[in-house]
Amino acid sequence: DAKTTQPPSMDCAEGRAANLPCNHSTISGNEYVYWYRQIHSQGPQYIIHGLKNNETNEMASLIITEDRKSSTLILPHATLRDTAVYYCIVRVAERGSTLGRLYFGRGTQLTVWP
Amino acid sequence: DGGITQSPKYLFRKEGQNVTLSCEQNLNHDAMYWYRQDPGQGLRLIYYSQIVNDFQKGDIAEGYSVSREKKESFPLTVTSAQKNPTAFYLCASRTLSGRGAGELFFGEGSRLTVL
């Protein structure tokens, strides 16, 4: 099941902000939105997550719309090292269990150019 | 340093042979996962485990087996029944409590090529 929709690719100039959109129109009230990124042939790396409010950490900012049906990951000053596949994930709770699966789609390939 | 370690990083095997991929974590995480990734694709869940001596099938468990005899270890065996075993395999772990409960920590992956 695809829980999220992301554009397959985006590009951004070095030093500019990269804004990566994600649609999750069927999100439930208690489901979090997570963002990970994967540099080629490495394991994915956690970036940020949120429920309702906007979140910011040292890597990025996460903006979630009021209806929670979409979100945007913002890399404020993109560098060449930010070139990676970015995954937007909704945490799905297993029925009868606290263990939630995380479904990874194909993500967005972000290319930062000099 | 705490982390999650997969080995080997690269593995070549002949068709019909079973292969075991190692995954060890020293993060004291409760849950561990195995994902498979094919070129240009997202990650697909093979097996996961929430507690020692217990595990559940993911979306593509056929042809794979796992064990969870210790909290730190979650090895994956790719059996000869797996039709297309050549892939990049990723192990991950996470805690199940607290605000960070959803954050998955991944290993560096194991790339299996079946000749």
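Use the structure listed above.
Residues numbered from 1 in each chain as written. Chains lettered and ligands numbered in written order. Predicted model: local features only at pLDDT ≥ 70, side-chain atom pairs only at ≥ 80, totals over all residues. Heavy atoms only, no water.

## A look at the state of the cysteines
Then step 1. Inspection of the entire model under this criterion finds two disulfides over all chains.
Then step 2. Note that A:Cys22 is cross-linked by a disulfide to A:Cys88, the S-S spacing being 2.1 Å. Disulfide A:Cys22-A:Cys88: the torsion about the S-S bond is -80°, which places it as left-handed. Of the two residues, A:Cys22 sits in strand E2 (residues 18-23) while A:Cys88 sits in strand E8 (residues 84-93), which places them 66 residues apart along the sequence. This pair shows no difference in class: A:Cys22 is buried, exactly as A:Cys88 is.
Then step 3. Here B:Cys23 is linked by a disulfide to B:Cys91, with a sulfur-sulfur distance of 1.9 Å. (Disulfide = S-S within 2.5 Å. Helix = DSSP H or I, 4+ residues; strand = E, 2+ residues; numbered from the N terminus. Buried < 20%, exposed > 50% of the residue type's maximum accessible area, 1.4 Å probe, protein only.)

## Considerations on the interface of chain B and chain A
Then step 1. Between chain B and chain A, the residue contacts involve 28 residues of the former and 23 residues of the latter.
Then step 2. Across the chain B-chain A interface, the total number found is zero salt bridges.
Then step 3. If you look at where chain B meets chain A, you find five residue pairs in polar contact (both at pLDDT 80 or more).
Then step 4. Within the residue set of the side of chain B that touches chain A, elements represented by two or more residues are strand E4 (31-37), strand E5 (43-51), strand E6 (54-57) and strand E9 (87-94) of chain B. (Contact = heavy atoms within 4.5 Å. Salt bridge = Lys/Arg side-chain N within 4 Å of Asp/Glu carboxyl O. Polar contact = N/O pair within 3.5 Å; in protein donor to acceptor, adjacent residues only side chain to side chain.)

## Remarks on the packing of aromatic side chains
Then step 1. In this structure the tally under the stated criterion is 12 aromatic pairs over all chains.
Then step 2. On the basis of an interplanar angle of 85° and a centroid distance of 6.2 Å, the ring pair of A:Tyr36 and B:Phe106 is categorised as edge-to-face. Linking A:Tyr36 in strand E3 (residues 33-38) with B:Phe106 in strand E10 (residues 105-106), this pair reaches from one chain into another. Each member of the pair, A:Tyr36 together with B:Phe106, is buried.
Then step 3. When the centroid spacing of 5.9 Å and the interplanar angle of 80° are considered together, the rings of B:Tyr47 and B:Phe55 count as edge-to-face.
Then step 4. Among the aromatic side chains, those forming a connected cluster through ring pairs are A:Tyr36, A:Tyr46, A:Tyr87, A:Phe104, B:Tyr33, B:Tyr35, B:Tyr48 and B:Phe106. (Phe/Tyr/Trp six-rings, centres within 6.5 Å; stacked < 30°, edge-to-face > 60°.)

## Considerations on the environment of B:Gln37
Then step 1. Mapped onto the secondary structure, B:Gln37 falls in strand E4.
Then step 2. Relative accessible area serves as the criterion here: at 10%, B:Gln37 is assigned to the buried category.
Then step 3. Spatially, the C-alpha atom of B:Gln37 lies 7.6 Å from that of B:Leu90, the residues being 53 residues apart in sequence.
Then step 4. Once residues lying within four places of it in the same chain are set aside, the contact partners of B:Gln37 are A:Gln38, A:Tyr87, B:Gly42, B:Leu43, B:Ala87, B:Phe88 and B:Leu90.
Then step 5. A polar side-chain atom of B:Gln37 sits 3.1 Å from the main-chain carbonyl oxygen of B:Gln41.

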